[in-house]
Amino acid sequence: MADIPESAISEKFLAGSGPGGQNVNKVATACQLRVNVYALGLAPDAYKRLKTLAGSRMTSEGELVILARRYRTQEANRADARARLGELIDAALVRPQRRVKTKPSKAAKAKRVDSKKARSTVKTGRGRVRGID
């Protein structure tokens, strides 16, 4: 997991939906994690990938907002939010492999043309039968 400075993270607990029944309505168990992306010190290309991966979770001020309300306790939701943040940053740090362009060989092109011609003759043979004059 990526090393995230604590100064870049702010947490807020709020009442959330999900499992827990009446407990959910009374206790603030959902965790809202806000991360200042600029404080992470990511490379420009990693920042672009993170912005793409985050989508609507990224604010215009450069904050990444993760809302965790899967579990009934604050501790579990807090751990879940931090784990999801780590996974997101780790995914952004992975460089995609470049696609190497390839060209079909002359033999492959010739084989393709031959198969097209063969198919063409089969299809012309299926046409309307003309009477002999």
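Because the structure is a prediction, the values reported are computed rather than measured. (Residues numbered from 1 in each chain as written. Predicted model: local features only at pLDDT ≥ 70, side-chain atom pairs only at ≥ 80, totals over all residues. Heavy atoms only, no water.)

A. Fine view of the overall build of the protein chain. Of the regular secondary structure elements, the protein chain holds four helices and three strands. Order of helices (α) and strands (β) in the protein chain, N terminus to C terminus: β-α-β-α-β-α-α. Relative to its full complement of 133 residues, the protein chain shows a buried share of 26%. Partitioning the intrachain contacts of the protein chain with sequence separation of at least 6 by distance along the chain shows that 61% fall at a separation of at least 24. Of the roughly 10,100 Å² of accessible surface on the protein chain, 52% is carried by carbon and sulfur atoms. (Helix = DSSP H or I, 4+ residues; strand = E, 2+ residues; numbered from the N terminus. Buried < 20%, exposed > 50% of the residue type's maximum accessible area, 1.4 Å probe, protein only. Contact = heavy atoms within 4.5 Å. Areas by Shrake-Rupley, 256 points an atom, 1.4 Å probe, with all protein chains shown as cover.)

B. Representation of the sheet that holds strand S1 (residues 9-14) in the model. The strand order across the open sheet formed by three strands is S1-S2-S3, and the pairing between neighbours is antiparallel. Strands at the two margins of the open sheet, each flanked by one partner only, are S1 and strand S3 (63-68). Between one strand axis and the next, the sheet turns by 20° as a mean value, whatever way the strands run. By the bridge criterion, six bridges tie strand S2 (residues 30-36) to S3 in an arrangement that is antiparallel. By the bridge assignment, Val 35 is partnered in S3 with Leu 64. Of the strands in this sheet, S1, S2 and S3 are in contact with helix H3 (residues 74-93), which crosses S3 at around 140°. (Pairing = 2+ DSSP bridges. Axes fitted to C-alpha atoms, helices over the stretch in contact; angles between N-to-C directions.)

C. Representation of the side chain of Gln 32 in the model. Residue position: Gln 32 is located in strand S2. For Gln 32, a relative accessible area of 17% puts it in the buried group. Not counting residues up to four positions away in its chain, the partners in contact with Gln 32 are Ser 10, Glu 11, Lys 12, Leu 14, Val 65, Ile 66 and Leu 67.

D. Inspection of H3 at higher detail. With 20 residues, H3 extends 29 Å between its outermost C-alpha atoms, agreeing within 8% with the 28 Å of an ideal straight helix rising 1.5 Å per residue. Inspection of H3 places Asn 77, Asp 80, Ala 81, Arg 82, Leu 85, Gly 86, Leu 88, Ile 89 and Ala 92 among the buried residues, and these make up the whole buried set. Residues of H3 that are buried make contact with S1, S2, helix H2 (44-54) and S3. (Expected span 1.5 Å × (residues − 1).)

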